[in-house]
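Coordinates in review
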Amino acid sequence: MADKPISLDMSKAATMEAIPDGTRVLLAVTGWEGKASSQGNPSLKLEVTVVAPDSPGIKNRKIFDTINLENEYTLGRFLSILKALGWSEEDARSLKALPDPDGVMGLQFAATLG
């Protein structure tokens, strides 16, 4: 059986303005899932939600990323995220497995967007 086409009503579509570069935000981890990428590489699907500032159009915005956990540069980005979440560099570098979602969900860190 063929898949039924999905109906859309694009007249309801809303867009958001970009958050200005240099905006300082407080982010909370709201999604953390380890899985294989489409190429079979281990990766982290990360979702963070803006907690502050409490400005219309900024608070509650979601930011998504998929981080390849084999590439040295994307591992460096992952290391930076772990350090922002409170891991020491030594503890982060000694990890042998992706931290459990229960241990990171809800953790917060500050970032400057841009």
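My aim in this report is to walk through the structure given alongside it, one point at a time.

The rules behind each value
Residues numbered from 1 in each chain as written. Predicted model: local features only at pLDDT ≥ 70, side-chain atom pairs only at ≥ 80, totals over all residues. Heavy atoms only, no water. Pairing = 2+ DSSP bridges. Helix = DSSP H or I, 4+ residues; strand = E, 2+ residues; numbered from the N terminus. Axes fitted to C-alpha atoms, helices over the stretch in contact; angles between N-to-C directions. Contact = heavy atoms within 4.5 Å. Buried < 20%, exposed > 50% of the residue type's maximum accessible area, 1.4 Å probe, protein only. Polar contact = N/O pair within 3.5 Å; in protein donor to acceptor, adjacent residues only side chain to side chain. Salt bridge = Lys/Arg side-chain N within 4 Å of Asp/Glu carboxyl O.

**Some remarks on the sheet that holds strand β2 (residues 42-52)**
As summarised here, the arrangement of the 4 strands in space is β3-β2-β1-β4, forming an open sheet in which the pairing is antiparallel. In the strand order of this sheet, the two ends are held by β3 (62-68) and β4 (108-112), each with one partner. Here the average twist between neighbouring strands, direction ignored, is 40°. Where strand β1 (residues 24-36) and β2 come together, 10 bridges link them in antiparallel fashion. Across the sheet, residue Ala 36 finds its bridge partner in β2, namely Pro 42. Across the sheet, helix α1 (residues 72-84) lies against β1, β2, β3 and β4, angled at about 130° from β3, the strand it touches most.

**Section: the environment of Ser 38**
Along the chain, the position of Ser 38 falls in the loop between β1 and β2. On the basis of relative accessibility, which here comes to 74%, the residue Ser 38 falls in the exposed class. A distance of 3.0 Å separates polar atoms of two side chains, one belonging to Ser 38 and the other to Gln 39.

**Describing the pattern of salt bridges**
Scanning all chains against the criterion turns up 5 salt bridges. We note a salt bridge from Glu 47 to Lys 62, for which the minimum N-O separation is 3.6 Å. Taken as a pair, Glu 47 in strand β2 and Lys 62 in strand β3 lie far apart in primary sequence, 15 residues in all. A residue is classified by how much of its surface remains accessible, and Glu 47, at 18% relative accessible area, is buried. Assessed through its relative accessible area of 44%, Lys 62 is described here as partly exposed. A single network of salt bridges, built from pairs that share partners, joins Lys 83, Glu 89 and Arg 93.

**Considerations on the side chain of Thr 74**
The topology assignment puts Thr 74 in helix α1. Taking relative accessible area as the criterion, Thr 74 reaches 16% and is therefore assigned buried.

**Observations regarding the pairing of β4**
In β4, alternate side chains face the same way, and those of Phe 109 and Ala 111 are buried while those of Gln 108, Ala 110 and Thr 112 on the opposite face are not. Relative to β4, β1 runs antiparallel, the two being bridged by 5 bridges. Looking at β4, one finds that Arg 24 is bridged to Thr 112.

The quantities given are spatial measurements derived from coordinates; they are silent on function.
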